[in-house]
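Topology and contacts: notes
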Amino acid sequence: MMYNWLTKSGIPDIREVWMNEIGQQQFIIISLKQRYAGHAKQAAMLAAQSRLAPLGKYCVVVDEDIDPTNLQDVLWAICTRSDPAKNINFITRAWSSPLDTTIRKPADAFLNSRAVIEACKPYEWINDFPQSISISPELERKVMSRWGKLLS
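Right, let's walk through the structure included here. Starting afresh in each chain, residues are numbered from 1 along the sequence in its written order. Per-residue local features are limited, in this predicted model, to residues with pLDDT of at least 70; the limit for side-chain atom pairs, both in listing and counting, is 80 or more; totals at the level of whole chains, interfaces and linings are taken over all residues. The basis for every side-chain value is the complete set of non-hydrogen atoms in the structure, without hydrogens or water.

The next thing to look at is helix H3 (residues 71-81). What H3 keeps buried is the set Val74, Ala77, Ile78 and Arg81. All buried residues of H3 fall inside an arc of 105° around its axis, so they share one side. Away from its buried face, by an angle of more than 90 degrees, H3 presents the exposed residues Gln72, Leu75 and Cys79. On its buried side, H3 packs onto strand E2 (27-32), strand E3 (58-63), helix H4 (84-87) and strand E5 (111-119). A simple rule labels every residue: compare its accessible area, found with a 1.4 Å probe on the protein chains alone, to the largest value its type can have, and call it buried under 20%, exposed over 50%, or partly exposed in between. In this description a helix means any DSSP run of H or I spanning at least four residues, a strand means any run of E spanning at least two, and both kinds are numbered starting from the N terminus. As used here, the arc belongs to the directions running from the helix axis to the C-beta atoms. Note on contacts: a residue pair is in contact if any heavy atoms of the two residues lie within 4.5 Å.

Below you can see the structure in the form of structure tokens.
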């Protein structure tokens, strides 16, 4: 539903949206192909305030080469593609819900804050960003079949 809503709102090239089951609707991950400066932030800010995720405290946007359903990949993108001072933004006094466990009850208003994390290659130098180093799935299977017991 979030994918459809972002697309209908005019955000181009959304690849996938994942709301991780651990955080229920509190952790949103968006994968997109960046098309212009500010594209990633625009998508994340919009998703973070959507009625489809009333408790959406954390919204992370990643490039299309990151699997948003794989938290290890998402954390890798946060660590290697974001600068906390530049790429983490906060929305304060966002509408929330009585289900929010961080709001002290009884409350006059159900408000919380949101963190928007841009974990994408900087658009201004996206083509010069260092290439990711990875191995093929076939090589990974071979290594794991031989050494997996030692690595887990």
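Picking up where we left off.
Time to look at unusual backbone geometry. The backbone of Asp13 sits at a positive phi, close to 55°, despite the residue not being glycine. Inspection of the secondary structure assignment puts Asp13 in the loop between helix H1 (2-8) and strand E1 (14-19). Residue classification places Asp13 among the partly exposed residues on the basis of a relative accessible area of 26%. A positive phi is found at Arg93, a non-glycine position, where the angle reads about 55°.

What follows covers the environment of Tyr58. Within the secondary structure, Tyr58 is located in strand E3. For Tyr58, a relative accessible area of 44% corresponds to the partly exposed category. Through-space distance from the C-alpha of Tyr58 to that of Ser82 is 15 Å; in sequence the pair is 24 residues apart. Excluding residues within four positions of it along the chain, Tyr58 makes contact with Gln26, Phe27, Ile28 and Ala115.

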